[in-house]
Amino acid sequence: MTNEKLNIGIILGSTRQGRVSPQVGEWVKEIADKRGDANYEIVDIADYQLPFLGTTDGTEPGIAAWNEKLNSLDGFVFIVQEYNHSITGALKNALDFAREAWNNKAAGIVSYGSTGGARAAEHLRGIMGELMIADVRVHPTLSLFTDFENGTVFKPAELHLNNVNAMLDQVDAWSGALKTLRK
Ligand SMILES: Cc1cc2nc3c(=O)[nH]c(=O)nc-3n(C[C@H](O)[C@H](O)[C@H](O)COP(=O)(O)O)c2cc1C
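Read on for an overview of the structure. (Residues numbered from 1 in each chain as written. Predicted model: local features only at pLDDT ≥ 70, side-chain atom pairs only at ≥ 80, totals over all residues.)

**Observations regarding the overall build of the protein**
Note the threshold: Numbered from the N terminus, helices here are DSSP runs of H or I no shorter than four residues, and strands are runs of E no shorter than two. The globule rule is 2.2 Å times the number of residues to the power 0.38, and the radius of gyration it is compared with is taken over C-alpha atoms. Labels follow a simple rule on C-beta atoms placed from the backbone: if 20 or more others lie within 10 Å of a residue's own, it is buried; if 12 or fewer, it is exposed; otherwise it is partly exposed. Contact between residues is assigned whenever the C-beta positions, reconstructed from backbone atoms, fall within 7 Å.
When its secondary structure is counted, the protein shows five helices and eight strands. The secondary structure elements of the protein, listed N-terminal to C-terminal, are β-α-β-α-β-α-β-α-β-β-β-β-α. Against the 2.2 N^0.38 benchmark of 16 Å for 183 residues, the protein shows a C-alpha radius of gyration of 16 Å, consistent with a compact globule. Looking at the protein as a whole, 37% of its 183 residues are labelled buried. Partitioning the intrachain contacts of the protein with sequence separation of at least 6 by distance along the chain shows that 81% fall at a separation of at least 24.

Spelled out as structure tokens, the structure:
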């Protein structure tokens, strides 16, 4: 065992113009960086310009780059927004574009929506089971009504801070434990 820091990706699940996920991701990263226990980075699915799975020959550089990025990570925090009671199509497509790169790693969820994005988050947990991602229990849920102004400007309530740290505690612990399986 080395004392090398874990690499944790904060994955933005939405890609639409005008999305609020970057605000939420930056807030999580700011909290995470203060801990100093791991290397945290924002991973923006939009940067990879993934095609819709199965519609191309699979040689787009973004597909390889996406897998390389996931391979470099030990764990994940998914920034999840609720679209029609589930995760975004963009996140599902990005999840489908890798397999081994997800396996035997840990993940937490920070979600938002009219009911805290809870329904989307529960769908994601089912998908993570198939991808052999160990999803942690603590799950900060943000309300579009009380944690955002006009649904667009992120103003998180103070109470979420403890929950984010508790979620990160679990992601870090499990990411470290699962790393031993991947050797
Ligand atoms: C196609 C679509 C479907 C949506 N469906 C839901 C929903 O079922 N439940 C909900 O709470 N919010 C729903 N919303 C509202 C989104 O949660 C809200 O717009 C949020 O800001 C989206 O995240 P984003 O800004 O990062 O894209 C939906 C938004 C879109 C664009």
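After presenting the structure, the write-up continues.
**Let's talk about the environment of Ala65**
Relative to the elements of secondary structure, Ala65 occurs in helix 2 (residues 61–71). The spacing of Ala65 and Ile10 is 55 residues in sequence and 16 Å in space, taken between C-alpha atoms.

**As for unusual backbone geometry**
With glycine set apart, most residues show a phi of negative sign, and most peptide bonds adopt trans. Backbone geometry places Gln49, a non-glycine residue, at a positive phi of 45°. Relative to the assigned elements, Gln49 resides in the loop between strand 2 (38–44) and helix 2. Accessibility expressed as a C-beta count within 10 Å gives 13 for Gln49, which makes it partly exposed.

**What to know about helix 3 (residues 89–96)**
Our working definition: Working note: the arc is built from the helix axis to C-beta atom directions.
Those residues of helix 3 that sit buried are Leu91, Ala94 and Leu95. In a view along the axis of helix 3, the buried residues occupy a sector of 100°, so they form one face of it.

**Overview of the site of the ligand**
Cut-off, in case you're wondering: Nearness here is judged by the C-beta atom: place it from the backbone, and if it falls within 6 Å of a molecule or strand, the residue counts as near that partner. Note on residue categories: nonpolar means Ala, Val, Leu, Ile, Met, Phe, Trp, Tyr, Cys or Pro, charged means Asp, Glu, Lys or Arg, and polar means any other residue, Gly included.
Taken together, 14 residues form the shell around the ligand, and within it Ser14, Arg19, Gln81, Gly113 and Ser114 come nearest. Here the residues of the shell around the ligand sort into three nonpolar, eight polar and three charged.

**Considering the environment of Glu4**
When you line up the elements, Glu4 lands in the segment before strand 1 (6–12). Put simply, Glu4 and Ile87 are 83 residues apart on the chain and 33 Å apart in space, counted from C-alpha to C-alpha.

**What about the packing of helix 1 (residues 21–35) against helix 5 (residues 160–179)?**
Rules: Throughout, an axis means a line fitted to C-alpha atoms (over the contacting stretch in the case of helices), and angles, computed between N-to-C directions, take values from 0 to 180 degrees. For classification purposes, an angle smaller than 35 degrees is called roughly parallel, one larger than 145 roughly antiparallel, one from 65 to 115 roughly perpendicular, and anything else oblique. Left-handed describes a crossing whose near helix is turned anticlockwise from the far helix through less than a right angle; right-handed describes the clockwise counterpart.
Packing of helix 1 against helix 5 leaves a shortest axis separation of 10 Å and a crossing angle of 60°. Judged on the interaxial angle alone, helix 5 and helix 1 are oblique. Taken as a pair, helix 1 and helix 5 cross one another with a handedness that is right-handed. Residue-level inspection shows Val28, Ile31, Ala32 and Arg35 of helix 1 in contact with helix 5, the latter providing Leu161, Val164, Asn165 and Leu168.

**Overview of the pairing of strand 2**
Applied cut-off: Strand pairing requires that DSSP identify at least two bridges connecting the strands. If you view a crossover with the strands going away from you and the path from the first strand over the helix to the second runs clockwise, you call it right-handed.
The pairing of strand 1 with strand 2 spans seven bridges and is classified as parallel. Residue pairing across strands places Leu6 opposite Ala38, the latter belonging to strand 2. Once the chain exits strand 1 it traverses helix 1 before rejoining the sheet at strand 2, and the crossover so formed is right-handed.

**Description of helix 5**
Defined as follows: What a helix is expected to span follows from its residue count: subtract one and scale by 1.5 Å.
Look at helix 5: 28 Å from first C-alpha to last across 20 residues, which is about the 28 Å you get at 1.5 Å a residue. Here helix 5 has its buried residues at Val164, Met167, Leu168, Val171, Asp172, Trp174 and Ser175. Where helix 5 is buried, its residues meet strand 1, helix 1, strand 2, strand 3 (75–81), strand 4 (105–113) and strand 5 (133–135).

**Side note on the nonpolar core**
Selection criterion: Note on terminology: a nonpolar core is any set of buried Ala, Val, Leu, Ile, Met, Phe, Trp, Tyr and Cys residues joined through C-beta atoms within 7 Å.
Counting residues in each nonpolar core, the largest one holds 44 residues, and the members touching the most others are Val28, Val77, Phe78, Ile79 and Val171. Discounting chain neighbours no more than four positions away, the residues touching Ile79 are Ile10, Ile11, Leu12, Gly13, Ser21, Val24, Gly25, Val28 and Val110.

**Things to note about the environment of Phe76**
Tracing the backbone through its elements, the reader meets Phe76 in strand 3. Sequence separation between Phe76 and Tyr40 is 36 residues, and the spatial gap between their C-alpha atoms is 9.2 Å. Those residues in contact with Phe76, other than ones at most four positions away along the chain, are Ile8, Gly9, Ile11, Lys105 and Ala107.

Just distances and angles here, no functional claims.
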